[in-house]
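# A structural walkthrough
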Amino acid sequence: MIVGVVGKPNVGKSTFFKALTLADAEIAAFPFTTIKANVGVGYVRSPCPVSGESVECNPKNGFCRDNIRFTPIKLIDVAGLVPGAHEGKGLGNQFLDDLRQADALIHVVDISGKTNELGEACEDHDPSDDIKFLEEEVNAWFTQVLRKNWEKVSGKIKFEGKKLIKELSPVLAGLSISENQIHDALAELDFLDKKEWSSGDLKDFAVRLREISKPILVAANKIDLNSSHFERLKGEYDMIPVCAEAELALRQAEKAGLIGYTPGGSDFTVLGELGEKQSKALDFIRENVLSKWGGTGAQLALDKIVFDVLDQIVVYPVENENKMSDSKGNILPDSYLVTSGSTILDLAFKVHTDFGEKFISAVDAKTKMKVGRDHVLANGDVIKIVSGR
């Protein structure tokens with residue numbers, strides 16, 4: 001799973017990315033700081049299945065802190081976007097090429113209104129313009145891809161009797177769009193059996209397909225500078241109030257051993273000796289961000305896009321169902337993200353193709369009950385897979 005971090009230049013996009021990954025993303029107050037996409041690992045939070053018990057988990061992927069399990073996902077910080085990107089303006093071609101692989105997008109917006117449409121400093125820009133323009137650019141890109149190939153596709157449907165989904169699939173594969181997503185978009189628009197398409201039909205299909213295959217969540221960044229635009233727009237858009245700069249400062253201070261802080265937490269504890277400047281900065285964060293908003297919002301945005309928007313759950317495959325461990329005694333060594341509604345067999349294939357192909361049975365480690373291949377997984381399930389491997 002890949003989440004793309006997108007937005008126009010100079011809105012704190014790379015700061016947001018670095019706060020979630022602590023990767024070496026370049027950060028500066030001028031447009032197009034990100035020339036090539038930065039790639040890193042972020043983590044989403046879920047309750048640890050053994051919290052409150054006498055044992056502790058030993059993660060091999062991710063980590064566990066304060067009874068919260070952090071499961072890794074891939075993040076990509078895409079080059080800044082400007083209007084006309086789908087026509088190649090700015091770094092548009094590279095932006096869209098980097099974006100192809102993403103399953104969902106977090107759109108970082110300067111909600112304070114202090115950055116104009118080109119990423120330049122200004123006094124009071126309307127952030128809703130940025131939200132609309134990014135959606136319009138990505139929608140235009142999808143429409144452009146479809147129109148470029150539509151004559152060939154429609155010809156095969158009308159004159160050769162080919163199936164629409166099968167013909168669209170190779171055209172859209174480069175955008176990481178599945179046949180199921182194509183089907184869902186067509187079905188919702190009642191286009192499954194449509195033979196004659198207008199230009200408007202094609203655009204409607206492109207927009208719905210984008211919404212399904214690359215949903216967008218808005219990270220309303222720089223909330224500490226001005227929250228009036230957020231209050232005005234929060235009912236209109238799916239938005240999370242964010243202060244990426246505060247999250248980055250807290251994670252760096254935690255990494256240096258100066259504070260105790262769990263990513264996404266609503267407070268921190270001082271552990272080391274702070275200088276006057278450090279102390280003032282942390283006091284500011286506590287008073288103007290954590291206390292006011294319940295957290296910096298950066299981690300919350302990532303959790304929301306994965307669990308709520310992409311409808312993922314966390315499950316734990318183990319080898320020993322009694323100890324909930326692998327063969328070496330590591331408790332809950334691996335956590336996997338799977339789509340809600342996935343079955344035991346889906347998990348088996350995700351762990352290893354051989355497990356899926358040679359599946360025999362499975363055991364629910366919490367209930368110690370044997371479950372079949374069609375058993376639907378629940379969030380936090382711990383599962384032993386038995387195969388003929």
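Quantities reported herein were computed from a predicted structural model and do not represent experimental measurements. (Residues numbered from 1 in each chain as written. Predicted model: local features only at pLDDT ≥ 70, side-chain atom pairs only at ≥ 80, totals over all residues. Heavy atoms only, no water.)

### Concerning the overall build of the chain
Here is the rule we go by: Think of it this way: any DSSP run of H or I at least four residues long counts as a helix, any run of E at least two long counts as a strand, and we number them from the N terminus. The atom set for the radius of gyration is the C-alpha atoms, and the globule formula is 2.2 Å times the number of residues raised to the power 0.38. Each residue gets one of three labels from its accessible area relative to the maximum for its type: buried under 20%, exposed over 50%, partly exposed in between, using a 1.4 Å probe on protein chains only. Charge assignment: positive for Lys and Arg, negative for Asp and Glu; neither His nor the chain ends contribute. The atoms used to mark charge sites are NZ of Lys, CZ of Arg, CG of Asp and CD of Glu.
Helix and strand counts for the chain stand at 12 helices and 14 strands. Taking 2.2 N^0.38 as the reference for a compact globule, 389 residues should give roughly 21 Å; the C-alpha atoms of the chain span a radius of gyration of 23 Å, in line with that estimate. For the C-alpha atoms alone, the extent of the chain along its principal axes is close to 75 × 65 × 35 Å. Across the 389 residues of the chain, 50% fall into the buried class. When the 47 basic and 58 acidic side-chain charges of the chain are each reduced to a single mean position, those positions are 5 Å apart.

### Some remarks on the state of the cysteines
The following threshold applies: Any two cysteine sulfur atoms lying within 2.5 Å of each other are counted as a disulfide.
This model, assessed by the stated rule, comprises zero disulfides. Cysteine Cys 64 shares no disulfide, and the gap to the nearest cysteine sulfur, in Cys 57, comes to 3.5 Å.

### Describing the sheet that holds strand S14 (residues 382-387)
Inclusion rule: Between any two strands, pairing holds if DSSP finds at least two bridges. In this analysis an axis means a line fitted to C-alpha atoms, helices contributing only their contacting stretch, and an angle means the value between N-to-C directions, from 0 to 180 degrees.
The sheet built from five strands is open, its strands ordered S11-S10-S14-S12-S13 with mixed pairing. Bordering the open sheet on either side are strand S11 (336-339) and strand S13 (369-371), each of which pairs with just one other strand. The sheet shows a mean angle of 40 degrees between the axes of neighbouring strands, taken without regard to direction. Two elements, strand S12 (residues 359-364) and S13, share three bridges in a ladder whose sense is antiparallel. If you follow Asp 364 over to S13, its bridge partner there is Met 369.

### Observations concerning the packing of aromatic side chains
What counts here: Note on ring pairs: Phe, Tyr and Trp rings are taken, using the six-membered ring of Trp, and paired if centres are within 6.5 Å. Classes follow the plane angle, with under 30 degrees stacked, over 60 edge-to-face and the rest tilted. Sitting over a ring, as applied to charges here, requires NZ of Lys or CZ of Arg to be within 6 Å of the ring centre and within 35 degrees of the ring normal.
On inspection of all chains with the given rule, the structure shows seven aromatic pairs. Measuring from ring centre to ring centre gives 5.2 Å for Tyr 43 and Phe 63, while their planes differ by 65 degrees; the resulting arrangement is edge-to-face. One end of the pair, Tyr 43, is in strand S2 (residues 38-47); the other, Phe 63, is in strand S3 (residues 63-65), with 20 residues separating them in the sequence. Here Phe 63 and Phe 70 contribute two aromatic rings whose centre-to-centre distance is 4.4 Å and whose plane-to-plane angle is 10 degrees, an arrangement assigned as stacked. Each member of the aromatic cluster is reached from another via a ring pair, and the members are Trp 150, Phe 191, Trp 197 and Phe 205. Positioned over the ring face of Phe 268 is Arg 286, at 4.1 Å from the centre of the ring.

### Re the nonpolar core
Definition in use: Buried Ala, Val, Leu, Ile, Met, Phe, Trp, Tyr and Cys residues form a nonpolar core when they are joined through side-chain atoms within 4.5 Å. Between two residues, a contact is recorded if the distance between any of their heavy atoms is within 4.5 Å.
Counting 36 residues, the largest nonpolar core has Val 3, Phe 16, Ile 73, Leu 302, Ile 305, Val 306 and Leu 332 as the members making the most contacts within it. Among the secondary structure elements, those contributing two or more residues to this core are strand S1 (2-6), helix H1 (13-21), strand S4 (68-77), strand S5 (104-110), strand S6 (216-221), helix H10 (298-309) and strand S10 (312-318). With six residues, H10 is the single largest residue contributor to this core. Not counting residues up to four positions away in its chain, the partners in contact with Leu 302 are Val 3, Leu 20, Gly 42, Tyr 43, Val 44, Ile 73, Leu 75 and Ile 106. Val 78, Leu 105, Trp 141 and Ile 212 belong to the second-largest nonpolar core, a separate cluster that totals 34 residues.

### Some words on the confidence of the model for the chain
Atom-level detail of predicted coordinates should not be read off regions where pLDDT is low. Worth spelling out the cut-off: Residue-level confidence of the predictor is summarised by pLDDT, bounded by 0 at the bottom and 100 at the top.
The predicted model of the chain averages 90 in pLDDT, with 92% of residues at 70 or higher. Confidence drops under pLDDT 50 across residues 25-35; counting only partners more than four residues distant or on other chains, this segment forms 35 contacts.

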